[in-house]
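# A closer look at the structure
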Amino acid sequence: MDKLDAVLAAPDRTILALDFDGTLAPIVPDPDRAFADPVAIAALRRLSPLLLRVAVVTGRPALKAVELGSLAGGAGLEHLIVMGQYGIERWEASSGEVVAPALPEEIIAVKEALPALLAAAGHPDAWIEDKGRAVAVHTRRLADPAVAQADLSEPVQRLAEEHGLRVEPGKNVLEIRAGGFDKGDAIRDLVQRFDPATVVYAGDDLGDLAAYDAVAALAEEGRTPVLVFPRMPGEDSPLADRADIILEGTDGMAEWLTVLADRLETRRETSPDPLES
Ligand SMILES: O=P(O)(O)OC[C@H]1O[C@H](O[C@H]2O[C@H](CO)[C@@H](O)[C@H](O)[C@H]2O)[C@H](O)[C@@H](O)[C@@H]1O
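Each value, and the rule that gives it
- Residues numbered from 1 in each chain as written.
- Predicted model: local features only at pLDDT ≥ 70, side-chain atom pairs only at ≥ 80, totals over all residues.
- UniProt positions renumbered as here; feature names shortened; annotations may be inferred.
- Helix = DSSP H or I, 4+ residues; strand = E, 2+ residues; numbered from the N terminus.
- Rg over C-alpha atoms; globule rule 2.2 N^0.38 Å.
- Buried ≥ 20, exposed ≤ 12 C-beta atoms within 10 Å, placed from the backbone.
- Pairing = 2+ DSSP bridges.
- Axes fitted to C-alpha atoms, helices over the stretch in contact; angles between N-to-C directions.
- Near = placed C-beta within 6 Å.
- Nonpolar A, V, L, I, M, F, W, Y, C, P; charged D, E, K, R; others polar.
- Domains from an automatic or database assignment.
- Contact = placed C-beta atoms within 7 Å.
- Right-handed = clockwise from strand over helix to strand, strands pointing away.
- Core = buried A, V, L, I, M, F, W, Y, C linked by C-beta atoms within 7 Å.

For the protein, an unreviewed UniProt entry supplies the name Trehalose 6-phosphate phosphatase and the organism Raineyella fluvialis. Within the UniProt record for the protein, the comment given under Sequence similarities (unreviewed entry) is "Belongs to the trehalose phosphatase family." In its Pathway (unreviewed entry) section, the UniProt record describing the protein reads: "Glycan biosynthesis; trehalose biosynthesis."

## A short note on the overall build of the protein
Tallying secondary structure elements over the protein gives 9 helices and 12 strands in all. Radius of gyration (C-alpha) of the protein: 19 Å, near the 19 Å computed for a compact globule of 277 residues. Taking the principal axes of its C-alpha atoms as reference, the protein extends roughly 75 × 40 × 35 Å. Of all 277 residues assigned to the protein, the portion counted as buried reaches 44%.

## Looking at the sheet that holds strand β9 (residues 173-177)
Spatial ordering of the open sheet is given by β6-β7-β9-β8, a layout of 4 strands whose pairing is antiparallel. Edge positions in the open sheet fall to β6 (127-130) and β8 (166-170), since each of these has one partner strand only. Neighbouring strand axes in the sheet, compared pairwise and without regard to direction, differ in orientation by 20° on average. One ladder, built from 5 bridges, connects β8 with β9; its direction is antiparallel. Bridging from a neighbouring strand, R166 pairs with R177 of β9.

## What about the site of the ligand?
Around the ligand, the surrounding shell holds 24 residues, and the nearest of these are F20, D21, P31, T58 and G59. Put simply, the parts of the chain that give the shell around the ligand at least two residues each are β7 (135-138) and β9. Taken together, the residues of the shell around the ligand break down into 8 nonpolar, 7 polar and 9 charged. The two domains that each donate at least three residues to the shell around the ligand are domain 1 (2-100 + 181-270) and domain 2 (106-177).

## Points about the domain arrangement of the protein
Split by domain assignment, the protein resolves into domain 1 (2-100 + 181-270) and domain 2 (106-177). Centre-to-centre separation of domain 1 and domain 2, based on C-alpha positions: 27 Å. Counting from both sides, the interface comprises 11 residues of domain 1 and, opposite them, 14 residues of domain 2. Taken together, the residues of the side of domain 1 that touches domain 2 sort by class into 6 nonpolar, 4 polar and 1 charged.

## Observations concerning the pairing of strand β11 (residues 224-231)
Among the 8 residues of β11, 7 are classified as buried, and the element is accordingly described as predominantly covered. Both strand β10 (residues 198-202) and β11 contribute to a ladder of 5 bridges, which runs parallel. Across the sheet, Y201 pairs through a bridge with L227, a residue of β11. What joins β10 to β11 is helix α7 (residues 209-217), and the crossover it makes is right-handed. Bridging between β11 and strand β12 (residues 245-248) involves 4 bridges; their strand directions are parallel. Looking across to β12, one finds that P230 is bridged to L247.

## What about the sheet that holds β11?
Strand pairs in the sheet, formed through backbone hydrogen bonds, run parallel or antiparallel to each other. If you trace the 8 strands from one edge of the open sheet to the other, you get β5-β4-β3-β2-β1-β10-β11-β12, paired in mixed fashion. The open sheet has two free edges, formed respectively by β5 (98-99) and β12, since each of these has just one partner strand. Of the strand pairs in this sheet, strand β2 (residues 53-57) and strand β3 (residues 81-84) are connected by 3 bridges, and their pairing is parallel. Looking across to β3, one finds that V57 is bridged to M83. Strands β1 (14-18), β2, β3 and β10 of the sheet are contacted by helix α6 (residues 183-194), whose axis makes an angle of about 165° with β2.

## Here we look at the nonpolar core
Formed by 59 residues in total, the largest nonpolar core has its most connected members in A17, V82, I187 and Y201. Counting residues per element, this core draws most heavily on helix α9 (residues 249-270), at 6 residues. Excluding anything up to four places from it in sequence, A17 contacts A55, V57, I187, L190, V199 and Y201. The next biggest cluster of nonpolar side chains, apart from the first, holds 19 residues, and it includes I107, L118, A126 and A178.

Okay, here's the thing in structure tokens:
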């Protein structure tokens with residue numbers, strides 16, 4: 001854990017930000033059943049009171065991540081922040097409210113057009129996830145997810161462009177959403193609000209590259225970036241070349257968070273009490 005010396009030295013100046021799917025929750029066929037690993041959440045409950053902030057930065061609607069992660073209520077997570085839909089939605093445990101701009105109107109026409117587009121491309125059974133301000137086409141449950149994603153890539157891109165929207169590709173998913181913000185903006189927002197000395201970011205998919213870039217750039221401001229990649233077995237990803245720490249999937253992530261909590265709690269117990277002379 002050498003790279004974490006900065007965290008151990010000043011936990012109260014550290015932000016820990018984590019993606020949801022593939023980082024806190026194992027990748028599963030049904031997105032509605034992608035529950036967070038309880039070991040990871042238990043560790044976050046111990047870490048959050050010791051760190052400057054813990055944040056979940058996710059492509060999910062903020063409230064969906066809160067639900068699947070059991071993140072509302074309970075000890076330890078009173079200051080948790082969830083930046084949803086790639087950062088455009090902000091949920092704070094302290095208020096229980098979501099702050100977000102109005103839905104992009106263009107998404108309505110895209111949702112209406114999608115079923116016919118999927119059928120025309122030969123994949124009528126691709127699953128459509130209605131995310132409110134965005135819509136995702138999932139191929140994981142089709143016979144050949146990679147081929148289906150490749151087949152759908154161009155028509156989905158065209159549909160998005162016709163409506164002034166963008167495509168966010170991910171693991172067996174093509175999402176159509178509004179542009180102008182990404183997970184990098186979410187990181188910059190957290191840094192501006194809380195002025196951390198160290199930012200640890202953990203993420204596993206292409207949408208996390210923007211957050212990786214934003215965190216890495218913090219070195220130029222004298223802050224310490226720590227990039228963590230929970231890699232699935234045999235997974236080839238551009239994140240692997242960038243990461244400071246590579247873990248064995250979500251199990252490895254949960255274990256790593258637990259060890260970090262152990263070390264921070266031990267450090268606190270053994271530190272001299274500044275009030276004692
Ligand atoms: O930013 P994230 O928290 O990683 O969210 C990215 C997308 O994750 C979800 O899809 C992924 O996870 C599903 C459940 O394990 C899996 O079935 C799917 O193949 C993955 O792509 C989610 O459904 C999307 O809305 C998120 O944007």
